Amino acid sequence: MGIVALRAANAVVDTWQQELRLAVRDAAQLVAVLDLPDHFLQSAQRAARSFPVFAPWSYISRMAKGDAADPLLRQVLPLDAELLDHSGFTADPVGDSAARIVPGLLQKYNGRALLVTTGACAVHCRYCFRRHYPYSEGPRSPADWQPAIEQIAADPTIDEVLLSGGDPLTLVDPHLATLADSLAAIPHVRRLRIHTRLPIMIPQRITDDLLDWLRGTRLAPIVVVHANHAQEIDDSVAQSLARLIDAGIPVLNQAVLLSGVNDTAAALIDLSRRLVDLRVMPYYLHQLDRVAGAAHFEVPISRGLELMAKLRAALPGYAVPRYVQEVAGETHKRVLA
Ligand code: SF4
């Protein structure tokens, strides 16, 4: 039986909300559906206690059964390695708490402010730099956003607002459209950037309603997706990315350099080729943020630099992402290559 056929019996999955509701949240189910050896089960259950499993079926269906080294599975499978302490790996590796101005609003860089719109995501990436973020302290209802909106309105240097999270596209379109309207009413805000993994995880999320409000806002929208491996981008993902681009919305990709996922020249070159073939610009390759629980994903910067040299030799310049590192307290991302 195919992986998707193993979804809950009789489940009708024709909206992105249903995909989210039916996502696998149980380590045992993930191990079973992918036919992994039994010893993965105890490890996954232990590590999932602090950061639960969450993976939508549309993503799981792109994994190979019986292969614990599958690059998509590696991103979502909890391992005992997450429970080991490593010096230098912390709960807040990029200084989010120091950058919080009012609830839900972070400002790290000149001219830009970031709204942590929600703690919900369409997937739990084991390497997530916000896996320990205190989302429960942030705004929960549209009215709770008022202090953040007022703060942006009071600072005429802010001309770009980022919607981040969590994943902002887990919110419904009327809610997002209302938030965009509030930001568009501030004359000095010109651009709205949306950081999301939803188009990769659940491509159905690119709905007509989403395209309508993105096209309709006065703000210039930019969508930044997050794919780490070409295998993540199947035909359904390609079609959703095309819908965004055909609607006139620039789409960029950011990836994280991850041991066992994309730390080979071939994997990174394939990813860039797949993206540019779909008109998506490779934007950033991030050095891993040193978040507690993710040390086993770290690739040394020296290795990252070697990989970047190979990318540069193989690809046209526009297809080579910038290799960057975020350092808490610095006024811009550090460009490594
Ligand atoms: S989608 Fe982004 S915010 Fe959500 S778990 Fe993955 S890396 Fe973290």
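Remarks on the sheet that holds strand E6 (residues 220-225)
Paired through backbone hydrogen bonds, the strands of a sheet run either parallel or antiparallel to each other. With respect to topology, ten strands assemble into an open sheet ordered E1-E2-E3-E4-E5-E6-E7-E8-E9-E10, the strand pairing being mixed. The open sheet has two edge strands with one neighbour each: strand E1 (100-102) and strand E10 (334-335). Two strands pair when backbone bridges link them, and E1 and strand E2 (residues 105-106) are joined in this way by two bridges, in the antiparallel orientation. Opposite Arg100, over in E2, you have Leu106 as the bridge partner. Running over the sheet, helix H6 (residues 146-153) touches E1, E2, strand E3 (112-116) and strand E4 (160-164) and is turned about 100° from E1. Sheet strands in contact with helix H7 (residues 173-184) are E3, E4 and strand E5 (191-195), and its direction is about 160° off that of E4.

As for the side chain of Asn262
With respect to the element layout, Asn262 can be found in the loop between strand E7 (251-256) and helix H11 (265-277). Under the relative-accessibility criterion, Asn262 is labelled buried at 0%. Reaching out from Asn262, the side chain makes a polar contact with the backbone oxygen of Asn228 at a distance of 3.0 Å.

Things to note about H11
A rise of 1.5 Å per residue sets the reference length of H11, with its 13 residues, at 18 Å; its end C-alpha atoms lie 18 Å apart and thus fit the reference within 8%. When H11 is considered as a whole, its buried residues turn out to be Ala265, Ala267, Leu268, Ile269, Leu271, Ser272, Leu275 and Val276. Those residues of H11 hidden inside the fold are in contact with E7, strand E8 (281-286) and helix H12 (301-314). Just beyond H11, the residue with positive phi is Arg279, at close to 75°.

Digging into the environment of Val280
Mapped onto the elements of the fold, Val280 is located in the loop between H11 and E8. Note: C-alpha distance between Val280 and Ser141 (139 residues apart in sequence) is 33 Å. Filtering out sequence-adjacent residues up to four positions away, Val280 remains in contact with Leu241, Ile245, Val251, Leu252, Asn253 and Leu275.

Topic: the environment of Ala294
Along the polypeptide, Ala294 turns up in the loop between E8 and H12. Ala294 sits in the buried class, given a relative accessible area of 0%. Ala294 sits 196 residues away from Ala98 along the chain, and the two C-alpha atoms are 22 Å apart. Other than its neighbours up to four places away in sequence, Ala294 contacts Phe89, Arg126, Tyr127 and Leu288.

Overview of the site of the ligand
In the vicinity of the ligand, the residues found are Cys121, Val123, Cys125, Cys128, Gly166, Arg197 and His226. Split by residue class, the shell around the ligand holds four nonpolar, two polar and one charged.

Comments concerning the pairing of E5
Counted residue by residue, E5 has four buried out of five residues, so it is predominantly covered. As judged from the four bridges shared by E4 and E5, these two strands associate in the parallel manner. Bridged to Glu160 within E5 is Arg191. With five bridges joining them, E5 and E6 adopt parallel strand pairing.

A word on the pairing of E7
Burial of E7 is extensive: five of the six residues sit out of reach of the surface. Of the strand pairs in this sheet, E6 and E7 are connected by three bridges, and their pairing is parallel. Its bridge partner lying in E7, Val224 is registered against Leu252. The pairing of E7 with E8 spans five bridges and is parallel. Along E8, the bridge assignment pairs Val256 with His286.

Description of the packing of aromatic side chains
Enumeration over the complete set of coordinates arrives at three aromatic pairs. Measuring from ring centre to ring centre gives 5.8 Å for Tyr127 and Phe297, while their planes differ by 80°; the resulting arrangement is edge-to-face. In this pair, Tyr127 sits in the loop between E3 and H6 while Phe297 sits in the loop between E8 and H12, placing the two residues 170 residues apart along the sequence. Like Phe297, Tyr127 is buried. Taking 4.8 Å as the distance between ring centres and 50° as the angle between the ring planes, the aromatic pair formed by Tyr133 and Tyr135 counts as tilted. A cation over an aromatic ring shows up here: Arg130 above the ring of Tyr133, its NZ or CZ 5.8 Å from the ring centre.

Brief notes about the nonpolar core
The biggest cluster of nonpolar side chains holds 104 residues, and the ones touching the most others in it are Leu30, Leu77, Leu115, Ile152, Leu163, Leu183 and Trp213. Residue contacts for Leu30: discarding those within four places in its chain leaves Val24, Val53, Ile60, Leu73, Val76 and Leu77. If you look at the next biggest cluster of nonpolar residues, it comprises six residues, including Ala99, Leu114, Val116 and Leu162.

Procedures and definitions
- Residues numbered from 1 in each chain as written.
- Predicted model: local features only at pLDDT ≥ 70, side-chain atom pairs only at ≥ 80, totals over all residues.
- Heavy atoms only, no water.
- Pairing = 2+ DSSP bridges.
- Helix = DSSP H or I, 4+ residues; strand = E, 2+ residues; numbered from the N terminus.
- Contact = heavy atoms within 4.5 Å.
- Axes fitted to C-alpha atoms, helices over the stretch in contact; angles between N-to-C directions.
- Buried < 20%, exposed > 50% of the residue type's maximum accessible area, 1.4 Å probe, protein only.
- Polar contact = N/O pair within 3.5 Å; in protein donor to acceptor, adjacent residues only side chain to side chain.
- Expected span 1.5 Å × (residues − 1).
- Near = heavy atom within 4 Å.
- Nonpolar A, V, L, I, M, F, W, Y, C, P; charged D, E, K, R; others polar.
- Phe/Tyr/Trp six-rings, centres within 6.5 Å; stacked < 30°, edge-to-face > 60°.
- Lys NZ or Arg CZ within 6 Å of the ring centre and 35° of its normal.
- Core = buried A, V, L, I, M, F, W, Y, C linked by side-chain atoms within 4.5 Å.

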